[in-house]
Amino acid sequence: MQHYILMRFLHSLLAIWVMSMIVFSLARVTGNPLDVLLPLEAGPEEYERVAKHWGLDKPLYTQYYVFLSKALRGDFGSSWKWQGHTAMGLVLERFPATLQLAGLALFVSVVISVPLGVTAAVMKDTPFDSLAKLIALLGQSLPSFWLGIVLMWVFAVQLGWFPTSGRGGWRYMVLPGVALGWFQVAAIMRLVRSSMLEVLDSEFVKLTRIKGLPEWKVIWKHCLRNAAIVPLTYFGITASVLLTGSVVTESVFAWPGTGLLVVDAVRARDFQVVQAVVIVITGVLIMTNLLVDIFYAYLDPRIRYQ
């Protein structure tokens, strides 16, 4: 087991290193940050001075070596757009807002998807089951940014129930939380439905019914408990997807999280902040998958030998 965990951990470190090279390279494809940092009337001497100050006059391999050596010590440099702030400081400042939104989206997806999946399995091949399948299809087909705009137009502009943007009380969280979590509603609902269909055909369910247990207890206590294994293992992936998928949603609702931060940083060609955000989110995603792999290995000993 220790060997399995060690190998998965080394694979995770390798993945983070590869991602650091990718984000370092792609960030520089956006253009020269000096064109944004300096005014239009700046001369060659000023370009040269600022480039030397930020180390942009050095070859790319030298810049990457400097970036990697500092990143290993937790130093991702200072922001070029937000003067006086470090890149990691900005990420840590915005990350709680992203966690808050992702937590609400996960809560919304579970509260909606689990009852829908259970009821659709119990009422298989009925109009309700068809409606649940339609909801799942729409959930996985509608882009989150389009759904966010529609929700904003209906519930914020037309009805005036919720604010259109920003971060504040619970009313500010509802629309972006629903927009972000709706895709996961479809995925979790389909997993719950398929798992419930397998459990409903098992022998122990027939035995509980023969014993005279109420149908609601058979469904919601015994069947759901056994059918929840597969959806539970999917939650780790869901949490990481919600963190990475918040970029578009935060931009639509101007939610001050890491998603909006990376969009603003890309527009300003602030390489330091872009690299810090992507590395942090990648680390969270990879470590979540690592924990899921370890959890799988404890559940099924055969996996650790593969």
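Residues numbered from 1 in each chain as written. Predicted model: local features only at pLDDT ≥ 70, side-chain atom pairs only at ≥ 80, totals over all residues. Heavy atoms only, no water.

Draft legend 1. Spotlight on unusual backbone geometry. Despite not being glycine, Ala254 shows a phi value in the positive range, around 50°. Mapped onto the fold, Ala254 is located in the loop between helix H12 (246-253) and helix H13 (258-267). (Helix = DSSP H or I, 4+ residues; strand = E, 2+ residues; numbered from the N terminus.)

Draft legend 2. Seen up close, the pattern of salt bridges. By the definition in use, this model includes one salt bridge. With a closest N to O distance of 4.0 Å, Arg267 and Asp264 form a salt bridge. Here Asp264 and Arg267 lie together in helix H13, a separation of three residues that amounts to about one turn. With a relative accessible area of 22%, Asp264 lands in the partly exposed category. (Salt bridge = Lys/Arg side-chain N within 4 Å of Asp/Glu carboxyl O. Buried < 20%, exposed > 50% of the residue type's maximum accessible area, 1.4 Å probe, protein only.)

Draft legend 3. Structural context of the environment of Asn226. Mapping Asn226 onto the fold places it in helix H10 (residues 215-227). Spatially, the C-alpha atoms of Asn226 and Glu198 are 9.8 Å apart, while their sequence positions differ by 28 residues.

Draft legend 4. Spotlight on the nonpolar core. With 21 residues, the main nonpolar core has Phe67, Phe76, Trp82, Val91, Leu261, Val273 and Val277 as its most contacted residues. Of all the secondary-structure elements, those providing two or more residues to this core are helix H1 (2-29), helix H4 (60-71), helix H5 (87-122), H13 and helix H14 (271-299). Among the elements that line this core, the one with the most residues is H14, at six residues. Among all residues touching Val91, those that are not within four sequence positions of it are Thr258, Leu261, Ala276, Val277 and Val280. (Core = buried A, V, L, I, M, F, W, Y, C linked by side-chain atoms within 4.5 Å. Contact = heavy atoms within 4.5 Å.)

Draft legend 5. Structural detail: the packing of H5 against helix H6 (residues 127-141). At a minimum axis distance of 8 Å, the contact between H5 and H6 shows a crossing angle of 140°. Viewed along their axes, H5 and H6 adopt a mutual orientation that is oblique. In this structure, H5 crosses over H6, and the sense of that crossing is left-handed. When H5 is examined against H6, the residues Leu116, Thr119 and Ala120 are found in contact with a partner set consisting of Phe128, Asp129, Ala132 and Ile135. Here the contact of H5 with H6 is built from residues that sort into five nonpolar, one polar and one charged. (Axes fitted to C-alpha atoms, helices over the stretch in contact; angles between N-to-C directions. Parallel < 35°, antiparallel > 145°, perpendicular 65-115°, else oblique. Left-handed = near helix turned anticlockwise from the far one by under 90°. Nonpolar A, V, L, I, M, F, W, Y, C, P; charged D, E, K, R; others polar.)

Draft legend 6. Here's a closer look at the side chain of Glu250. On the secondary structure map, Glu250 appears in helix H12. A polar contact is formed between the side chain of Glu250 and the backbone nitrogen of Thr258, at a distance of 3.4 Å. Within polar-contact distance, the side chain of Glu250 engages the backbone nitrogen of Gly259 at 2.6 Å. Setting aside chain neighbours within four positions, we find Glu250 in contact with Thr98, Leu101, Trp255, Gly257, Thr258, Gly259 and Leu260. (Polar contact = N/O pair within 3.5 Å; in protein donor to acceptor, adjacent residues only side chain to side chain.)

Draft legend 7. Fine view of the packing of aromatic side chains. Under the criterion given, the structure shown has five aromatic pairs. Centroid distance Tyr64 to Phe67: 6.1 Å. Interplanar angle 50°. Geometry classified as tilted. With a gap of three residues between them, Tyr64 and Phe67 both fall in helix H4, about one helical turn apart. Ring geometry for Phe155 and Trp161: centres 5.8 Å apart, planes at 40°, overall tilted. Judged by its relative accessible area of 27%, Phe155 is partly exposed. These aromatic residues form a ring-pair network of at least three members: Phe24, Tyr64, Phe67 and Phe76. (Phe/Tyr/Trp six-rings, centres within 6.5 Å; stacked < 30°, edge-to-face > 60°.)

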